[in-house]
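Spelled out from the first residue to the last, the chains are:
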Amino acid sequence: AALKKGSNVVVLDGNTVGILPDEWLRKWGLMAGLGEAGKDCVRFGRSQAGLLDALIAAQPEVRCDEAFARARAELRRFETIEPAHAPASFQGRLRDYQREGLGWLHFLRRFGFGGCLADDMGLGKTIQALALLDALRAERGPAEGKPSLVVAPRSLLFNWEQEAARFTPNLRVLTHAGMARSRQAADFSGCDLVLTTYGTLRRDITFLKDVPFLYAILDEAQAIKNAGTASAKAARLLRADHRLALSGTPVE
């Protein structure tokens, strides 16, 4: 906490003041500065696992929790990202580059990373995401676990419905849009995938922020490029185990 404030002194018991030694700062300063100070530990995000592993490799005295131990073991076993086949229930055939994209999406899930799938329009970002969700449905079985959420411009909502019906008919899809939409989390429980629009996300965020999702997927994610907009603020409030952005204009 002192490092975050740019101070090299800490208050000890009895209101005495301690000075952080230069040797300690050299050894721990970078790592402490990257994390968030807790009551008796320093916490790090999943995306920092690789850097953290390198920083503490020569510090055998460090104690870490089970989640980091698993991530560390995964990193050491990791060799490369392999293309992935769509599940048997997928009605269609992925092209080679789409199989590479699907393999990358599985890699992100395995390590708990978020990501942005960026391809030009018409190259099949939607079906890569649907293939991923269909694979997860096949793994966990019907009516188990959390639904996933896709947020898309209204003009693309029908496309998602069509593509899901065509390629992943086993996914139970609910469109959460329009005046007749429900605002009860229980109505999502029988679904694998909930489709909504950015406008509905903004209007229903007080309800949606309390729903636990498996994936939060933002299509045409340049819609939240400005962090101060209502759409961007609403998206940050979503609770999801995994987060993906899809964009045909990734520079935006």
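Now for a quick tour of the structure. (Residues numbered from 1 in each chain as written. Predicted model: local features only at pLDDT ≥ 70, side-chain atom pairs only at ≥ 80, totals over all residues. Heavy atoms only, no water.)

### Some remarks on empty space enclosed by the protein
Any space left empty among the atoms is revealed by the rolling of a water-sized probe across them. With the rule as written, the count across this model stands at one cavity of 30 Å³ or more. Surrounding the largest cavity, Leu133, Leu136, Arg140, Ser148, Leu171, Asp192 and Leu214 form its lining. The greatest single-element share of the lining of the largest cavity, amounting to three residues, is contributed by helix 5 (residues 125–140). A breakdown of the residues in the lining of the largest cavity according to their chemical character gives four nonpolar, one polar and two charged. (1 Å grid on protein atoms, 1.4 Å probe; cavity = no way out; pocket = protein on both sides within 12 Å on 5 of 7 lines; lining within 4 Å. Points joined across faces, edges and corners; volume = space filled by probe spheres on them. Helix = DSSP H or I, 4+ residues; strand = E, 2+ residues; numbered from the N terminus. Nonpolar A, V, L, I, M, F, W, Y, C, P; charged D, E, K, R; others polar.)

### Some points on the nonpolar core
If you look at the biggest cluster of nonpolar residues, it comprises 31 residues, and the most contacted ones within it are Val150, Trp160, Tyr215, Ile217 and Leu244. Of all the secondary-structure elements, those providing two or more residues to this core are helix 4 (96–111), helix 5, strand 6 (148–152), helix 6 (154–167), strand 8 (193–197), strand 9 (212–218) and strand 10 (239–247). If one sorts the elements of this core by residue count, helix 5 sits on top with seven residues. Residues within four places of tyrosine 215 in sequence aside, it is in contact with Leu105, Arg109, Leu132, Leu133, Leu136, Pro147, Ser148, Leu149, Ala240, His242 and Leu244. (Core = buried A, V, L, I, M, F, W, Y, C linked by side-chain atoms within 4.5 Å. Buried < 20%, exposed > 50% of the residue type's maximum accessible area, 1.4 Å probe, protein only. Contact = heavy atoms within 4.5 Å.)

### Some details on the pattern of salt bridges
When the charged atoms of two side chains lie near each other, side chains of opposite charge can form a pair. One pass over the structure, following the stated rule, counts six salt bridges. Measuring nitrogen to oxygen at the nearest pair gives 2.7 Å for the salt bridge that ties arginine 172 to aspartate 192. Taken together, the residues arginine 172 in the loop between helix 6 and strand 7 (173–175) and aspartate 192 in the loop between strand 7 and strand 8 connect sequence positions 20 residues apart. Using a relative accessible area of 29% as the deciding quantity, one classes arginine 172 as partly exposed. Notably, a salt bridge pairs aspartate 204 with arginine 181, separated by 2.7 Å at the nearest N-O pair. In this pair, aspartate 204 sits in helix 7 (residues 198–208) while arginine 181 sits in the loop between strand 7 and strand 8, placing the two residues 23 residues apart along the sequence. One exposure class covers both aspartate 204 and arginine 181, and it is buried. (Salt bridge = Lys/Arg side-chain N within 4 Å of Asp/Glu carboxyl O.)

### A word on the packing of helix 4 against helix 5
At their nearest, the axes of helix 4 and helix 5 sit 9 Å apart, and the two run at 55° to each other. Of the possible angle classes, the one that applies to helix 4 and helix 5 is oblique. Handedness of the helix 4/helix 5 crossing: right-handed. Seen from helix 4, the contacting residues are Tyr97, Gln98, Gly101, Leu102, Leu105, His106 and Arg109; seen from helix 5, they are Ile127, Gln128, Ala129, Ala131, Leu132, Ala135, Leu136 and Glu139. For the contact of helix 4 with helix 5, a count of residues per class yields nine nonpolar, four polar and two charged. (Axes fitted to C-alpha atoms, helices over the stretch in contact; angles between N-to-C directions. Parallel < 35°, antiparallel > 145°, perpendicular 65-115°, else oblique. Left-handed = near helix turned anticlockwise from the far one by under 90°.)

### Description of the sheet that holds strand 10
Strand order in the open sheet formed by six strands is 5-10-9-6-8-7, with parallel pairing between adjacent strands. Strands with a single pairing partner mark the edges of an open sheet, and in this sheet they are strand 5 (115–118) and strand 7. With direction set aside, neighbouring strand axes in the sheet form an average angle of 20°. Relative to strand 9, strand 6 runs parallel, the two being bridged by three bridges. Residue pairing across strands places valine 151 opposite leucine 218, the latter belonging to strand 9. In the packing of helix 6 onto the sheet, contacts are made with strand 6, strand 7, strand 8 and strand 10, and the angle to strand 8 comes to roughly 160°. (Pairing = 2+ DSSP bridges.)

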